[in-house]
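# Working through the structure, step by step
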Amino acid sequence: MSLQTHHLIVSVLLPIHRLGLFSYESTESVKIGNCVKVPFGSRSLWGIVWALHAPQVPNLKKIIEVYPYWSASSMFLLFLRQCSEYTLIPLGSLLRMVFPISEILEWPCQTFRCASSFSSVIQTCPWPGTFAQWVFMFGLKRVKKWIQEANLVSVEIHHDYNYTSPILTKHQKEALEKIGFQTTFIEGITGSGKTEICLAYIQPIILEKKQILILVPEISLCQQWVHRVQKYYSGNIGIWHSELSAKERKFQAWSILTGSTSIIVGARSAIFLGYKNLGAIIVDEEHDGSYKQAEGPAYHGRDMAVFRGYHEKIPCLLLSATPSLESFWNIEQKRYTHVALSQRYGNAQLPDIYMLDLKEQKLDSNMITLPLREALQKNLIKQEQSLLFINKRGYASLWVCYHCGFRAACQNCNVWLSIHYLPKSVLLCHYCGFKKPLPKTCPECHNLEQVKLWGVGVEKIGQEVQSFLPNAKICILSSDVCYTPRQLNETLLAIKNQEYDILIGTQLVAKGHHFPNLTLVGIIDGDFALSHLDLRSGERLYQVLCQVIGRAGRGVIPGKAYIQTSQTKHPLFSYLQSHNIQGFLQEELSTRKKYHFPPYVRLISLTLSGIDENTVHHYALSLKNHLPHESWVEVLGPAPSLINPLRRRWRWRIFLKSPKHYKIQDYIRTALHTFSLPSKIRLHIDVDPYDFL
Ligand SMILES: Nc1ncnc2c1ncn2[C@@H]1O[C@H](COP(=O)(O)OP(=O)(O)OP(=O)(O)O)[C@@H](O)[C@H]1O
Ligand SMILES: [Zn+2]
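Model, not experiment: these values are computed from the prediction.

### Topic: the environment of A298
Within the secondary structure layout, A298 lies in the loop between strand 14 (292–293) and strand 15 (299–300). The exposure class assigned to A298 is buried, which follows from the 22 C-beta atoms found within 10 Å. For the pair A298 and L88, spaced 210 residues apart in the sequence, the C-alpha separation amounts to 8.7 Å.

### What to know about the nonpolar core
Formed by 179 residues in total, the largest nonpolar core has its most connected members in V12, I214, L215 and I282. For this core, the element with the most residues is helix 15 (residues 537–549), which contributes seven residues. When neighbours within four sequence positions are excluded, I214 is seen to be in contact with W225, I263, I264, V265, I282 and D284.

### Quick look at the site of ligand 1
By nearness alone, 18 residues border ligand 1, and G193, K194, T195, Y345 and G512 come closest of all. Considering every element that reaches the shell around ligand 1, the biggest residue donor is helix 6 (residues 194–201), with three residues. Among the residues making up the shell around ligand 1, the classes are represented as five nonpolar, eleven polar and two charged. Both domains that furnish three or more residues to the shell around ligand 1 are identified here as domain 3 (170–346) and domain 4 (348–392 + 456–581).

### Regarding the pairing of strand 31 (residues 650–659)
Pairing analysis gives ten bridges linking strand 29 (residues 601–610) to strand 31, with the strands arranged antiparallel. Bridge pairing in strand 31 places T607 opposite R653. Bridge analysis of strand 30 (residues 634–640) against strand 31 gives five bridges, and the strand direction is antiparallel. Looking at the pairing, V635 lines up with L656 of strand 31.

### What to know about the sheet that holds strand 27 (residues 518–523)
Taking strand neighbours across the sheet as the criterion, the six strands line up as 18-28-27-19-26-25 in an open arrangement whose pairing is parallel. The sheet terminates laterally at strand 18 (352–357) and strand 25 (474–477), the two strands that pair on one side only. Shown here is a sheet whose adjacent strand axes are inclined to one another by a mean of 20°, direction ignored. Two elements, strand 19 (residues 385–389) and strand 26 (residues 502–505), share four bridges in a ladder whose sense is parallel. By the bridge assignment, F389 is partnered in strand 26 with G505. Running at roughly 150° to strand 27, helix 15 makes contact with strand 18, strand 19, strand 27 and strand 28 (560–565) of the sheet.

### With respect to the sheet that holds strand 3 (residues 34–40)
Strands sit in the order 2-1-4-3-5 across an open sheet of five strands; the sheet is antiparallel. With one partner strand each, in any of the chains shown, strand 2 (21–26) and strand 5 (65–71) form the two edges of the open sheet. If you compare each strand with its neighbour and ignore which way they point, the axes differ by 45° on average. By the bridge criterion, six bridges tie strand 3 to strand 4 (residues 43–53) in an arrangement that is antiparallel. Its bridge partner being in strand 4, F40 is matched across the sheet by R43.

### Details of the UniProt feature "domain: Helicase ATP-binding" (unreviewed entry) in the protein
Following the UniProt record, the feature "domain: Helicase ATP-binding" (unreviewed entry) maps to residues 175–341 here. The span residues 175–341 shows a helical share of 37% and a strand share of 23%, and its end C-alpha atoms are spaced 7 Å apart.

### Topic: the packing of helix 1 (residues 74–87) against helix 10 (residues 301–312)
In contact at an axis separation of 8 Å, helix 1 and helix 10 are set at 140° when each is read in the N-to-C sense. Classified by the angle between their axes, helix 1 and helix 10 sit oblique to one another. For the pair helix 1 and helix 10, the crossing hand works out as right-handed. Between helix 1 and helix 10, the residues in contact are M75, F76, L78, F79, Q82 and C83 and M304, F307, R308, H311 and E312, respectively. Here the contact of helix 1 with helix 10 is built from residues that sort into seven nonpolar, two polar and two charged.

### Quick word on the environment of E464
Here E464 lies in helix 13 (residues 458–468). In the structure, E464 is positioned 97 residues away from M367 in sequence and 7.9 Å away in space, judged by C-alpha atoms. With residues up to four places along the chain from it excluded, the contact list for E464 reads N366, M367 and I368.

The rules behind the values
Residues numbered from 1 in each chain as written. Chains lettered and ligands numbered in written order. Predicted model: local features only at pLDDT ≥ 70, side-chain atom pairs only at ≥ 80, totals over all residues. Helix = DSSP H or I, 4+ residues; strand = E, 2+ residues; numbered from the N terminus. Buried ≥ 20, exposed ≤ 12 C-beta atoms within 10 Å, placed from the backbone. Core = buried A, V, L, I, M, F, W, Y, C linked by C-beta atoms within 7 Å. Contact = placed C-beta atoms within 7 Å. Near = placed C-beta within 6 Å. Nonpolar A, V, L, I, M, F, W, Y, C, P; charged D, E, K, R; others polar. Domains from an automatic or database assignment. Pairing = 2+ DSSP bridges. Axes fitted to C-alpha atoms, helices over the stretch in contact; angles between N-to-C directions. UniProt positions renumbered as here; feature names shortened; annotations may be inferred. Parallel < 35°, antiparallel > 145°, perpendicular 65-115°, else oblique. Left-handed = near helix turned anticlockwise from the far one by under 90°.

Spelled out as structure tokens, the structure:
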């Protein structure tokens with residue numbers, strides 16, 4: 001592998017959307033995996049040396065420079081190759097995710113401090129810091145100038161850090177000892193201490209100076225993990241998600257690449273980053289649908305974590321109280337080590353769950369039944385916190401005029417606009433973000449009296465609660481109200497500090513938050529996903545409800561949960577009530593087997609989209625006709641997407657289904673090789689799709 005000669009011809013993988021492999025000549029000795037800068041058209045680009053060739057091609061452009069501080073291991077390159085073969089994401093696009101900011105490859109790796117005469121000038125920054133830290137504080141231009149003028153001098157420092165291990169309970173210790181070398185699934189009921197076990201597990205890895213990646217499904221959980229890690233660890237903690245400022249992104253990417261941060265908490269895209277020395281991956285709430293990226297390059301963060309762990313030969317821990325069916329199946333197939341925790345920490349009990357049949361309750365225009373109202377009232381008197389869950393953002397979901405029939409619709413998507421009063425009054429599309437002011441009268445007939453708002457969201461529930469509990473301090477938790485990570489963290493802290501009595505939230509509250517004084521959970525609409533046309537809707541409903549209910553009774557006082565539903569007899573609820581996740585998963589799995597759905601088969605979606613509906617339809621048909629007939633591939637469609645158009649683009653979809661042991665990706669790759677599309681039509685490939693709209 002480390003063959004080296006002068007005047008070598010090398011294939012360099014570049015961050016170009018197509019395949020991305022280009023030939024160059026090197027006069028320096030380079031190895032496969034080296035990170036190199038090469039000329040490309042009028043620009044220069046950073047890439048990775050992918051292969052070495054015997055010198056045959058004359059007049060190639062030359063490599064400009066080799067990055068000295070990082071190179072890709074053969075295992076990481078194998079991960080990229082396999083990942084591209086599996087997801088059908090071109091290698092060049094994957095490389096963009098490895099080096100999302102190539103500018104940092106120009107930065108030196110030394111630590112600098114002020115020359116003594118200079119430190120009085122920079123009052124705020126007298127300490128030694130890495131180049132990246134200086135740039136983060138003062139900007140690239142200034143720092144470069146200071147180095148040139150020798151106002152900053154290079155120094156050697158050693159980063160020392162401590163990591164003390166948490167003290168685990170007997171059950172937790174037993175669980176810790178069972179963790180295997182590769183993928184381990186830690187299945188523990190909510191509040192059993194999965195996080196704490198991981199914090200103990202990573203101690204020796206950190207002390208070996210390796211990096212740990214902790215993947216979280218939601219940006220809001222990053223800060224929570226940072227707090228948990230800080231209890232035991234004194235070093236730098238890296239953060240990676242899409243809401244970082246450009247300045248922060250550069251600093252974080254540099255610190256991760258050069259190994260100056262040892263623990264990184266990140267959203268799904270962190271799985272592709274270049275790490276100096278990755279030692280383990282933890283995937284928190286592995287069942288969460290947010291790990292799936294459906295737009296742009298389509299991949300599943302959890303699956304890529306397992307893949308990366310496998311290829312880089314490092315442990316990957318998957319955590320959940322409600323395993324996804326895919327993981328449950330993998331556990332059954334003995335692909336993962338399984339560790340189970342069935343007790344909450346400190347003898348906390350799982351909440352008792354009560355069903356409230358909506359058919360038997362008098363509601364009029366309200367949404368909260370009498371028993372739930374009374375329970376809220378009692379909790380308020382006892383000064384314990386309550387949580388109401390409804391999976392709808394905003395106030396209502398349809399603005400309609402009963403005089404002329406006008407309904408407020410999105411101008412880009414075939415959906416109605418939702419009504420929001422918080423943080424501002426608007427009509428909003430939940431798919432493309434299109435907004436317009438709330439009309440005062442009907443825009444068509446100018447009528448005012450017959451306007452109705454249909455559907456119920458968090459804000460309306462807030463209004464209802466306030467009407468019967470006027471003194472309660474209510475907090476609405478949805479992405480509209482807390483739209484920056486900072487706002488959300490402040491709100492979560494205020495909840496922990498008991499500044500609120502009643503929380504009303506969307507899915508956002510279903511994630512692993514820990515509010516010790518929360519003892520009551522009410523599910524406003526338990527039926528919300530039972531009729532969705534999605535093979536995972538039952539699974540998702542179970543997960544969300546179980547997670548939300550799991551927020552109750554995590555401290556010393558036991559919790560209670562009420563589920564309002566019109567289908568009290570639905571088997572999902574009896575599994576939920578008896579906390580029998582295994583029973584639920586077994587039943588779901590047999591249904592999937594019966595109907596030939598994943599995880600028993602491989603499903604791939606091909607979506608064609610464009611501005612003109614007929615053209616999209618035409619090319620969808622020709623793609624279908626172009627796909628060769630094979631007895632093992634089932635081709636479904638093309639069919640128009642359920643929401644059509646979406647963001648002004650019309651979409652037609654083809655689904656391909658095959659048994660898992662066939663290489664359906666190869667079949668698609670070969671077929672697409674000889675199929676061309678005009679530039680106005682886009683083809684999006686999604687292996688293992690989660691979105692069927
Ligand atoms: N061994 C321990 N020592 C001290 N505190 C612990 C221990 N184990 C758990 N806890 C505490 O119990 C609470 C729940 O633990 P943790 O968050 O680790 O559970 P979890 O299984 O990850 O929960 P969830 O699935 O709901 O996110 C936390 O406040 C944690 O600090
Ligand atoms: Zn829209």
